[in-house]
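# Breakdown of the fold
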Amino acid sequence: MKKSLKTKLKQLNFVIVSHIFATGPALDLEEYLKDKVKSLFFIGHPFSFRKEINSFYRFYKDGKLKEEHKAFGWRFPEVLFYFKDSFYTFWWIFKQKENFNYYIGSDNFSAFLGLILKKLGKVDQVILYTIDYLPQRFKNPVLNKLYHFFDKTCLKNCKIVWNVSPVMAKAREEFDGLKIEECVPQILVSLGMWHKRIPKLPLEKKDRYKIVFMGHILDKQGLDIVVKAMPLILKKIPQVKLLIIGTGPDEERLKSIAKKLEVEKRIEFTGYVEDHKDVEKMLAHSTVAVATYKPDPGSFTNWADPSKLKNYLSAGLPIFLTSVPPVAKELERANCAIIVPYKENQLAEKIIYLLNNEVMLKQYIKNAVNFAKQYDWNLVFTNALSSSLD
């Protein structure tokens, strides 16, 4: 870290407010900042579909956790969660004796609350950290208008906007008419990972024929074609296994497909894994990864930077992915990923070829680890904050 930034951070009080599923960049930013700043107040609001839905906060002072609190886990319709989140955010921040120099909201709603707190004199500057952007975020037209109202307000009034993908600024210009030159500065802050923490194993120490997926099990993730490809792969590579790390609404349907295809014994579903370090170990022991996003013009992955890809690369996993995420072509050019059509037979063919080609496989593993280095969170957040602080 630059000496000037290190000195500056030690004098500043930060707030981070984020919606939470399991892991996510806001939690990584908390990890990065907690022992570098004068104080850090982290507020987490779990998504309504999560099993544990208690909003919570953690307060750090001079690098030490001073206070931790978890609210009651209210069960509401999704729209009411936003009122609950607003109430706790305002209440908890106003309970703190100190004012805060920087408030970082990891979505436009959270950042909008920060702008209200700025008007009320509780925070000095607000940063919008855009993790995902969607022209059609909600099916409900009223909610969708509110979403774009919050976004436009943040683009006009925040100090700076962090976008995880370079296409987000262009998308705002195209769908919202927000010309880049009329907005506050928008900078690229790509999603990353803790590169030094993630284990790296040579091919000889990996589970040689294990394919892995990590993430929220949703229809848009395109795991259908991975499960359907398994019988085709097994015909050529009987030792192959598929590990699915995570849980989600599509899990039972995928299990049913696997059973129908008689490949359920070769597929392991881990369910929710609480400690991300355990996930990283599972990734490191696998050999290749899949990110076969379903082609869908309405999917936020078209404008996003999926964090799983960086974790895969850091663990030395060549990736089989569709062309949906903007970063796909860059990964293919770097020879650490292979773009596949959304068809199980072509996916199976590509996986079989790479798993049976040891020389190529070892080179792709090496390329993946080397490519990942630039996305270590220490480097990503240091660069972002250096460009954002007064």
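Residues numbered from 1 in each chain as written. Predicted model: local features only at pLDDT ≥ 70, side-chain atom pairs only at ≥ 80, totals over all residues. Heavy atoms only, no water.

Turning our attention to the overall build of the chain. Scanning the chain for helices and strands turns up 14 helices and 14 strands. Taking 390 residues into account, the globule formula puts the C-alpha radius of gyration at 21 Å, and the chain, at 21 Å, falls close to it. In terms of overall dimensions, the chain has C-alpha extents of about 65 × 45 × 40 Å along its principal axes. Expressed as a percentage of its 390 residues, the buried residues of the chain come to 56%. Restricting to contacts in the chain with at least 6 residues of sequence separation, those with at least 24 account for 72%. For the chain, the accessible surface area stands at approximately 17800 Å², while carbon and sulfur atoms represent 54% of it. A distance of 3 Å separates the average location of the 61 positive side-chain charges in the chain from that of its 43 negative side-chain charges. (Helix = DSSP H or I, 4+ residues; strand = E, 2+ residues; numbered from the N terminus. Rg over C-alpha atoms; globule rule 2.2 N^0.38 Å. Buried < 20%, exposed > 50% of the residue type's maximum accessible area, 1.4 Å probe, protein only. Contact = heavy atoms within 4.5 Å. Areas by Shrake-Rupley, 256 points an atom, 1.4 Å probe, with all protein chains shown as cover. Lys, Arg positive; Asp, Glu negative; His and termini not counted. Charge placed at Lys NZ, Arg CZ, Asp CG, Glu CD.)

This brings us to the pattern of salt bridges. All told, the structure shown has 19 salt bridges when counted by the stated rule. A salt bridge links Asp 250 to Arg 253, with the shortest nitrogen-to-oxygen separation between them at 2.7 Å. A network of salt bridges, in which partner residues are shared, links Asp 219, Asp 224, Asp 250, Arg 253 and Lys 294. (Salt bridge = Lys/Arg side-chain N within 4 Å of Asp/Glu carboxyl O.)

The next point concerns the packing of helix 7 (residues 223-236) against helix 12 (residues 344-355). Helix-helix packing is described using two parameters, namely the angle between the two axes and the distance between the axes. Axis separation between helix 7 and helix 12 bottoms out at 8 Å; the angle between their running directions is 50 degrees. The angle between helix 7 and helix 12 falls in the class oblique. In the packing of helix 7 onto helix 12, the handedness of the crossing is right-handed. Across from Ile 225, Val 226, Lys 228, Ala 229, Leu 232, Ile 233 and Lys 236 in helix 7, the residues of helix 12 making contact are Glu 344, Asn 345, Leu 347, Ala 348, Ile 351 and Ile 352. Partitioned by chemical class, the residues of the contact of helix 7 with helix 12 number nine nonpolar, one polar and three charged. (Axes fitted to C-alpha atoms, helices over the stretch in contact; angles between N-to-C directions. Parallel < 35°, antiparallel > 145°, perpendicular 65-115°, else oblique. Left-handed = near helix turned anticlockwise from the far one by under 90°. Nonpolar A, V, L, I, M, F, W, Y, C, P; charged D, E, K, R; others polar.)

This part is about the packing of helix 4 (residues 108-119) against helix 5 (residues 141-157). Viewed as axis vectors pointing N to C, helix 4 and helix 5 meet at an angle of 55 degrees, and their least axial separation amounts to 9 Å. Between helix 4 and helix 5, the angle is such that the two are oblique. Helix 5 is crossed by helix 4, and the crossing has left-handed handedness. Facing helix 4, whose interface residues are Asn 108, Phe 109, Ala 111, Phe 112, Leu 115 and Lys 118, helix 5 presents Tyr 147, Phe 149, Phe 150, Asp 151, Thr 153, Cys 154 and Asn 157.

Between the first and last C-alpha of helix 3 (residues 78-95) there are 26 Å, a value that for 18 residues agrees with the 26 Å anticipated at 1.5 Å per step. Along helix 3, the residues that are buried comprise Phe 81, Tyr 82, Lys 84, Asp 85, Ser 86, Tyr 88, Thr 89, Trp 92 and Ile 93. Looking at the buried side of helix 3, the elements it contacts are strand 1 (13-20), strand 2 (39-46), strand 3 (56-61), strand 4 (64-70), strand 5 (100-105) and helix 4. (Expected span 1.5 Å × (residues − 1).)

For Lys 308, the location among the structural elements is in helix 10 (residues 307-314). Buried charge Lys 308 goes without a salt bridge, the closest partner of opposite sign being Asp 305 at 11 Å. If sequence neighbours within four positions are ignored, Lys 308 has contacts with Phe 213, Met 214, Gly 215, Gln 221, Ala 291 and Tyr 293.

On to the sheet that holds strand 11 (residues 267-269). Spatially, the six strands line up as an open sheet ordered 11-10-9-12-13-14, and their pairing is parallel. Only two strands of the sheet have a single neighbouring strand rather than two, namely strand 11 and strand 14 (337-339). Looking at each pair of strands side by side, their axes are set apart by 20 degrees on average, direction ignored. In terms of strand pairing, strand 9 (residues 210-214) meets strand 10 (residues 241-245) through five bridges, oriented parallel. When the bridges of strand 10 are listed, Val 212 appears paired with Leu 243. Packed onto the sheet, helix 7 meets strand 9, strand 10, strand 11 and strand 12 (288-291) and runs at close to 160 degrees relative to strand 10. (Pairing = 2+ DSSP bridges.)

Shape is all these values report; function is a separate question.
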